[in-house]
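A closer look at the structure
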Amino acid sequence: MTELSSILRREMALKLLKSGFIPEQVVATEAALSCYGYDATRQQTEPLLALLPDNEKQLKTILKIAGEKSLKIFPRGAGSGMSGGSIPAEDGIIVSLTRMKQILEIDEDNMIATVEPGVITGELQEAVSRRGLFYPPDPASLAFSTIGGNVTENAGGPRAVKYGVTGNFVMGLEAYLVNGEKIKCGNKCIKSVSGYDLTSLLVGSEGTLAIISKILLKLLPAPETVKTSLLAFSSMTAAAQAVNAMFKQQINPSTIEFLDQHSINAVRPALPFTLPKAADTVLLVEIDGPEATVKTQAEKLNRLFQDEALLIIDAENETEREKLWQARRKLSPAIANIAPHKINEDIAVPLAAIPEIISRLESLSKEIDLPIVCFGHAGDGNIHVNVMLDKNDPSQAIRGHKAIDRIFTLTLELGGTLSGEHGIGNTKSAYFNKEWTPATIATMQALKKAFDPGNRLNPGKIFPLK
Amino acid sequence: MREQSPQPNRAFSARTQGHFRWAQISTLIRTFSCFFKPKITCKVLTHKIDIMTQSELAQELKKCVKCGACMAVCPIYRQTGREEMVARGKLNLIEIISRNQELPDAWIEAVDNCLLCCSCEENCSKGVKITEIIAAARIRQTAAQGLNPLKKGAFALLKNRILSIARFIKLGSLLQWLLWRRLPRHSGLIRRLPLPGTDEKTVIPILPRRNLDDILKKRKPDPDLPPVLFFPGCATRYLQPQMGLDLIYVLEKLGFNAVVPAEFKCCGMVTWGAGDAVSNLKLKASNLKVFAANAAIKTVVTGCASCGHALKEYDNLPPESEILDISEFLFRHREKLEKLLKGRQSRKKITYHDPCHLRKGQGITKEPRWLLKLIAGENFVEMSHPERCCGAGGTFGLTHKELSRKILKEKTDAADATGAEIVTSGCPGCILQLTEGAVVADSKWLTKHPLSLLAGLLRSRN
């Protein structure tokens, strides 16, 4: 920390305290600041300051004061991102929105919730479910990630198969531009085509365009019941065909998760039930909806695959359901036993390309001599690819890096995308121009410039560094 | 939960009996020296309390991948929203401040702001031993700054034979009425005049004239019944002896003779939490002597969640001896108990709060619920999030009153929402905190240990 920045830090902190911030909201000591320089990607930096506004007025004050000093601003939610979206990669201040956590309104008549960005997604779900309503997006981190983070990264989740991702539920937003002006986009109308759809633009913009201060979210009636089944298949192709068959037979699952052979082998000892040795792919299928429909669809599912599947287990109650989900929940710690480190990417491919990409990844794994473990969302083509390695071994580290490059190439060849739900952040920005043409990137950058001419809002994210 | 130490130091247990003091001093010198002399890598203490060596600590810290799952359950983070206050932030601070560095305020505040409720540990997919790390950090802090004088005084009472906690409380029981008055509905005291560190809603326990040991002096146990060792714990012993009598009564009804050695000292939990390794070690060694002297009795029961949690972590317990929470013990003898109750049930609506040291510390959730269903049948209702900490956290409620009250408020709201008349919990600390919660929120429900309800039913004639 240079002397200049420590003077700046003190000056800023004093100014904020004078304008009504309480000490708890101004993190200005070096040790504490180190806690605002990381996320789930294990990068470690230290911002100049970390500020935790309580309301819009304070957010505006921060933007004004930061503007006077032309400081860079890094918005942050829970800091649980998987692509470094909130990492203060350059000198600048963190604006943590965790204290703006009011559920402002649950409008039951219009089925819309109005929330502040710091609301924990799981808590919103709990609050709306008490009124018989349902907010479907369910990223794995929902118990601790904020809705603001979900919106800016456009987080997905297992239920995306039936319901879509976070973005599909954002009806409107209020956000602050870096110059402190507020913009409003969207509204409570289901049909709304007045002007450019800035809501969709801000969704998934990774905090590079504006700081979101209020979110309107669409809600649905809560499904009456959920039925969970686990199906084991002898090959990925058979499993992929099964997924296809489900849709064709008018079965409408809310979730279809899959585990590949390596995942199955890793998690098998931790499971409260036995999986056949020949199981190459496991599907975890959930069907939700009215009692009667769920029952008939589940029966249909059983009938349809009773010959092809090696095993079908239906959960009869909540305990059994939880048991089946162990296959997915115990997976992350289980694969950690394969190698000390993992590089995990969350590529997505069109549904039909799943068997192809899995087989290509299998041969890539042999070629680079590192285990590649895949699991994820078979219903929407979003695959979590984990290259398992020991980063302390230089040869493995190089091969791991090479593998990631190849994985992205393969994905894009099959019409896929670099990221299904984690975002680009600063961990994948180097590969960004693999996916998009120069003209496309230039258009995106022009938009960025229109919102943030000085490149002060979350710089170093999405776009490759020149 | 915590793994057993791979190589328990046998030499130590021998030493504890003979030349305890010397062994202890030399161990402690090694303990604290590990903070200052990086080269020492010995396994510092032989007990489980005990702090990890530097290399163990470093390895444990490395396990955290900063996924953030601790944020979902940490009661402190829930209230503050501050990253330094959640496990991953605390571990980050503990990791970056090296051994030789002075402790920055943020470090001290973060380490201080922990209830040791184990919620993060229960929710950690990497199995990081977070509470042990925090305890180690507190030992470091105590070594650097010394212990808070109030705690120092209190811990001295726990250890000292002459100026003992028992005598201190007896004195207090005479003087308490000068400054405190009885609560109208609940069991507890509330201040008469402004006292430092309290407000008009602070509830303290009534200090009884006669503690459990005094009362038990006149007891004539039936020596023919199979014996069970009963570890009452300080709260039961000195503050709520009735709880201890209830437990002894229930054991007798089930056909067991409760053996209650007066030599038992504090389980050590409170000193462990305060980073006072010296006191912790002394208390444990005293207790281990008592356990060794009663080694013939294999079953040890306690009605206190924290004591049970602490005792289960003891190394060098006599072989085959087994520590059980009273709910576990009763569950094992459920058939007999069901017969004894003859279908008698409480007609009051009852709910239950999971003590952290029972649920997260010992993994016990099923047995207390079985017991309450036995006691109240359909009248037992779950509150929302029974697993959330009540904010007591040993002395946390006293040292961080405002934050503790905020945490407590959510708990009392959840209890209110059930419409229950009695809120139960298997931990004297939680019970006291919940009582304060009821006073603060002006709620109608009473707080009880499930065991007291059971004893009440067994005593009732029907």
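Residues numbered from 1 in each chain as written. Chains lettered and ligands numbered in written order. Predicted model: local features only at pLDDT ≥ 70, side-chain atom pairs only at ≥ 80, totals over all residues.

1. Some thoughts on the overall build of chain A
The line we're drawing: Each helix corresponds to a stretch of at least 4 residues labelled H or I by DSSP, and each strand to a stretch of at least 2 residues labelled E; elements are numbered beginning at the N terminus. C-alpha atoms define the radius of gyration in this analysis, and the globule rule sets the expected value at 2.2 Å times the number of residues to the power 0.38. Put simply, a residue is buried when 20 or more other C-beta atoms lie within 10 Å of its own C-beta and exposed when 12 or fewer do; between those, it is partly exposed, and each C-beta is set from the backbone. Two residues qualify as being in contact provided that their C-beta atoms, derived from the backbone, are within 7 Å of each other.
For chain A, the helix and strand inventory stands at 16 helices and 18 strands. Taken over C-alpha atoms, the radius of gyration comes to 23 Å for chain A, in line with the 23 Å a tight globule of 466 residues would show. Seen through its C-alpha atoms, chain A measures out along the principal axes to roughly 70 × 60 × 40 Å. Here chain A holds 466 residues, and the buried ones make up 49% of them. A separation of at least 24 residues holds for 71% of the contacts in chain A among residues at least 6 apart in sequence.

2. Considerations on the overall build of chain B
In terms of helices and strands, chain B carries 24 helices and 10 strands. Residue burial in chain B is summarised as follows: out of 462 residues, 48% are buried. For chain B, contacts bridging at least 24 residues in sequence account for 73% of all contacts bridging at least 6.

3. What to know about the environment of K366(B)
All names here are of chain B. Take K366: it is sitting in helix α20 (residues 366-376). The exposure class of K366 is exposed, given the 11 C-beta atoms found within 10 Å. For the pair K366 and E328, spaced 38 residues apart in sequence, the C-alpha separation works out to 9.0 Å.

4. A word on the sheet that holds strand β4 (residues 227-230) of chain B
All names here are of chain B. This is how it is decided: We treat two strands as partners when DSSP finds at least two bridges between them. To get an axis, a line is fitted to the C-alpha atoms, and for a helix only the part in contact is used. The angle between two axes follows their N-to-C directions and goes from 0 to 180 degrees.
Strand order in the open sheet formed by 4 strands is β5-β4-β6-β7, and the pairing between neighbours is parallel. Edge positions in the sheet fall to β5 (257-259) and β7 (322-325), since each has one partner strand and no second. Direction aside, the axes of adjacent strands within the sheet are offset by 40 degrees on average. The pairing of strand β6 (residues 299-302) with β7 spans 4 bridges and is classified as parallel. Each residue of the ladder has a partner; that of T299, found in β7, is E322. Its contacts with the sheet put helix α16 (residues 305-312) on β6 and β7, and the angle it makes with β7 is roughly 160 degrees.

5. A closer look at the sheet that holds strand β1 (residues 180-182) of chain B
Across the sheet, which stays open at both edges, the 3 strands sit in the order β1-β2-β3 (chain B) with antiparallel pairing between neighbours. Among the strands making up the open sheet, the edge pair consists of β1 and β3 (203-204) of chain B.

6. Here we look at the domain arrangement of chain A
Residue and element names in this part refer to chain A. Condition: Where a domain begins and ends is set by an automatic assignment or by a domain database. Three residue categories are used. Nonpolar comprises Ala, Val, Leu, Ile, Met, Phe, Trp, Tyr, Cys and Pro, charged comprises Asp, Glu, Lys and Arg, and polar comprises the others, including Gly.
Domain boundaries in chain A define domain 1 (3-96), domain 2 (103-220), domain 3 (225-333) and domain 4 (339-429). Summarising the inter-unit geometry, the C-alpha centres of domain 1 and domain 2 are found 24 Å apart. Between domain 1 and domain 2, the contact holds 14 residues from the first and 17 residues from the second. Counting residues per element, the side of domain 1 that touches domain 2 draws most heavily on helix α3 (residues 56-68), at 6 residues. A per-class count over the side of domain 1 that touches domain 2 returns 6 nonpolar, 5 polar and 3 charged.

7. Quick word on the interface of chain B and chain A
Taken together, the 22 residues of chain B in the interface contact 22 residues of chain A. Of all the elements in the fold, those that place two or more residues in the side of chain B that touches chain A are α5 (87-96) and α6 (105-112) of chain B. Its residues assigned to classes, the side of chain B that touches chain A comprises 11 nonpolar, 5 polar and 6 charged.

8. Description of the domain arrangement of chain B
All names here are of chain B. The domains assigned to chain B are domain 1 (10-145) and domain 2 (343-459). Listed as interface residues are 11 residues of domain 1 and, on the opposing side, 12 residues of domain 2. Each residue belonging to the side of domain 1 that touches domain 2 can be placed in one class, and the counts come to 6 nonpolar, 3 polar and 2 charged.

9. Looking at α5(B)
Here α5(B) lies mainly inside the structure; 7 of its 10 residues are buried. Of the positions making up α5(B), those classed as buried are A87(B), R88(B), G89(B), K90(B), L91(B), N92(B) and L93(B). The inward-facing, buried residues of α5(B) abut α2 (30-33) of chain A together with α3 (54-63), α6, α7 (119-122) and α8 (130-145) of chain B.

10. Details of the confidence of the model for chain B
Residues and elements named next belong to chain B. Cut-off, in case you're wondering: Each residue carries a pLDDT value, the predictor's own confidence for that position, ranging from 0 to 100.
In this model, chain B carries a mean pLDDT of 85, and residues with pLDDT of at least 70 account for 89%. Contacts for the low-pLDDT stretch residues 1-26, under 50 throughout, to residues beyond four places or in other chains number 27 contacts. Confidence over residues 32-50 falls short of pLDDT 50; this stretch has 43 contacts with residues more than four positions distant or in other chains. Two summary scores accompany this predicted model of the complex, namely pTM at 0.88 and ipTM at 0.90.

11. Digging into unusual backbone geometry
Residues and elements named next belong to chain A. The phi torsion at Q250 lies on the positive side, around 60 degrees, for a residue other than glycine. Tracing the sequence through the fold places Q250 in the loop between α8 (236-248) and β13 (255-259). Residue classification places Q250 among the exposed positions, given that 8 C-beta atoms sit within 10 Å.

12. Some remarks on the nonpolar core
Inclusion rule: For the purposes of this analysis, a nonpolar core is taken to be any set of buried Ala, Val, Leu, Ile, Met, Phe, Trp, Tyr and Cys residues that are connected through C-beta atoms within 7 Å.
Counting residues in each nonpolar core, the largest one holds 180 residues, and the members touching the most others are L51(A), A113(A), I215(A), L217(A), C70(B) and C74(B). Ignoring any residue separated from it by four or fewer positions in sequence, one finds C74(B) in contact with V86(B), A87(B), S119(B) and C120(B). Counting residues in each nonpolar core, the second largest holds 64 residues, with A279(A), L331(A), F408(A) and Y431(A) among its members.

13. Quick notes on helix α10 (residues 165-179) of chain B
What counts is decided by this rule: Under the convention used throughout, the expected extent of a helix is 1.5 Å for every residue step, that is, one less than its residue count. Given a residue, its bend is the angle between the two axes fitted to the seven residues that end at it and to the seven that start from it.
For α10(B), which comprises 15 residues, the first-to-last C-alpha distance of 20 Å matches the rise-based estimate of 21 Å (1.5 Å per residue) to within 8%. Residue S173(B) marks the point of greatest curvature in α10(B), where the axis turns by about 40 degrees.

14. Let's talk about the environment of Q345(B)
All names here are of chain B. As for its position among the elements, Q345 is in the loop between α18 (334-341) and β8 (350-352). Judged by the 16 C-beta atoms lying within 10 Å of it, Q345 falls in the partly exposed class. Along the primary structure Q345 and L372 are separated by 27 residues, whereas in three dimensions their C-alpha atoms are 9.8 Å apart. Ignoring anything within four residues of it in the chain, the contact list for Q345 reads I375, A376 and G377.

15. As for the environment of K300(A)
Residue and element names in this part refer to chain A. Topologically, K300 is positioned in helix α10 (residues 291-305). Residue classification places K300 among the partly exposed positions, given that 15 C-beta atoms sit within 10 Å. Distance from K300 to D91, taken between C-alpha atoms, is 58 Å for residues 209 residues apart in sequence.

16. Points about the packing of helix α9 (residues 149-159) of chain B against helix α15 (residues 277-293) of chain B
All names here are of chain B. For the record, the criterion: Angular relationships are summarised with four words: roughly parallel below 35 degrees, roughly antiparallel beyond 145, roughly perpendicular across 65 to 115, and oblique for the angles in between. By convention, the crossing between two helices is left-handed when the near helix turns anticlockwise from the far helix through less than a right angle, and right-handed when the turn is clockwise.
With their axes 10 Å apart at the nearest point, α9 and α15 run at an angle of 15 degrees to one another. Between α9 and α15, the crossing angle belongs to the class labelled roughly parallel. In the packing of α9 onto α15, the handedness of the crossing is left-handed. From α9, F155, L158 and K159 reach across to α15, where they touch S279, K282 and L283. Considered class by class, the residues forming the contact of α9 with α15 number 3 nonpolar, 1 polar and 2 charged.

17. Some details on the pairing of strand β10 (residues 211-218) of chain A
Residue and element names in this part refer to chain A. β10 sits mainly inside the fold: 6 of its 8 residues count as buried. Across 4 bridges, the pairing between strand β6 (residues 112-115) and β10 is antiparallel. The residue of β10 that forms the bridge with T114 is L216. Where strand β8 (residues 170-176) meets β10, 6 bridges bridge the pair, whose relative direction is antiparallel. Looking at β10, one finds that G172 is bridged to L216.

18. Points about the packing of α5(B) against α6(B)
Residue and element names in this part refer to chain B. Running from N to C, α5 and α6 point in directions that differ by 135 degrees, and their axes come no closer than 10 Å. By the angle class used here, α5 and α6 are oblique. At the point where α5 passes α6, the crossing takes the left-handed sense. Residues G89, K90 and L93 of α5 form the contact with α6, whose participating residues are A106, W107, A110 and V111. Class assignment for the residues of the contact of α5 with α6 results in 5 nonpolar, 1 polar and 1 charged.

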